[in-house]
Amino acid sequence: MIDGRFQLASSQRALGRLSDALATYQGTLGVSAPAAHSGILVEIARVLVQQGELDLAAEHARQAQSDLPTETSLLLSEIAAAEGDLEGARQLAERALASESLPRAETLLLLGRLELAQNRPSEALVYLDQLSRRVTLGARQPVEGLEFERAQALARSGQSQAAVAAFEAEIAAFPSNPLPYAHLAVLAVTLGQAERVDPLLEAMVAEAPAPESYLLAAQTVERLGNSKEAERWRARAAAVAGR
């Protein structure tokens, strides 16, 4: 019964029904054994983060800290980052890293993102490359967002061709995520490959045909100085939204 409720809450969360997921998790907490409480508290905290209730999320996470120190350190790190405390977030993520014999993918990815957010691409690559090597060696499945973050760090480090390869790897593994297409389109122009922009953006909206993808395409070409093309993409976004 408890497993069924937990699965229901997870499904509701995946579908974006956050209020329903929160109510289901809270109901599960009321009928579960005390040994399961910490895990449920962490899930409640994650939903609260998605809802923007950061203080309440941190309160729930701290209640589980003694039983699940690594999970709660990571979650509190994400909360600190969302609040703009990047240094505090990094310290919490490093605390989680120190507690792991084999660093978790989410720990390395979070640390990479935090270093990148503080404009330290070389430091970010220390974590991101470590995780990327594990994926390449087959030690784990591809991690969504990993090659995207690596690509940004590589581009900022002046390693443009390696950044292109990383963006392409992210697109190949997770084709429905529109962000790598848009970033790669901008990078392509800086490399004198403007002819790649239209195919990349068309591929993006084919894989992720939501209005938001069309608007991202508009923002991308506008950033590249093509306001007329941006208007065309906005018109396509409006047409898709009106279907």
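Higher on the page you've got the structure.
Only a predicted model underlies this, so the values are computations on that prediction, with no experimental measurement involved. (Residues numbered from 1 in each chain as written. Predicted model: local features only at pLDDT ≥ 70, side-chain atom pairs only at ≥ 80, totals over all residues. Heavy atoms only, no water.)

Colleague: An account of the overall build of the protein chain is requested, with residue identities and associated values reported.
Modeller: Of the regular secondary structure elements, the protein chain holds 14 helices and zero strands. For the protein chain, the succession of helices and strands along the chain, N to C, is α-α-α-α-α-α-α-α-α-α-α-α-α-α. Along the three orthogonal principal directions, the C-alpha set of the protein chain runs to about 60 × 45 × 35 Å. For the protein chain, the proportion of its 243 residues judged to be buried stands at 43%. (Helix = DSSP H or I, 4+ residues; strand = E, 2+ residues; numbered from the N terminus. Buried < 20%, exposed > 50% of the residue type's maximum accessible area, 1.4 Å probe, protein only.)

Colleague: Lay out the side chain of Glu149 with the relevant residues and their values.
Modeller: Secondary-structure assignment places Glu149 in helix 9 (residues 146-156). For Glu149, the side chain forms a polar contact with the side chain of Arg113, separated by 3.0 Å. (Polar contact = N/O pair within 3.5 Å; in protein donor to acceptor, adjacent residues only side chain to side chain.)

Colleague: Describe the packing of aromatic side chains, and please don't skip the residues or the numbers.
Modeller: Counted under the stated rule, the structure contains two aromatic pairs. Ring centres of Phe148 and Phe167 lie 5.9 Å apart, and the angle between their planes is 55°; this geometry places the pair in the tilted category. Of this pair, Phe148 sits in helix 9 while Phe167 sits in helix 10 (residues 160-173), and the two are 19 residues apart along the sequence. In terms of burial, Phe148 and Phe167 fall into one category: buried. When the ring of Tyr214 is compared with that of Trp233, the centres are 5.9 Å apart and the planes differ by 50°; the resulting orientation is tilted. (Phe/Tyr/Trp six-rings, centres within 6.5 Å; stacked < 30°, edge-to-face > 60°.)

Colleague: Could you give an account of the pattern of salt bridges, with specific residues and numbers?
Modeller: Counted by the stated rule, this structure contains 17 salt bridges. The residue Arg104 makes a salt bridge to Glu106 at a minimum N-O spacing of 3.9 Å. Since its relative accessible area comes to 28%, Arg104 is described here as partly exposed. A single network of salt bridges, built from pairs that share partners, joins Glu71, Glu100, Arg104 and Glu106. (Salt bridge = Lys/Arg side-chain N within 4 Å of Asp/Glu carboxyl O.)

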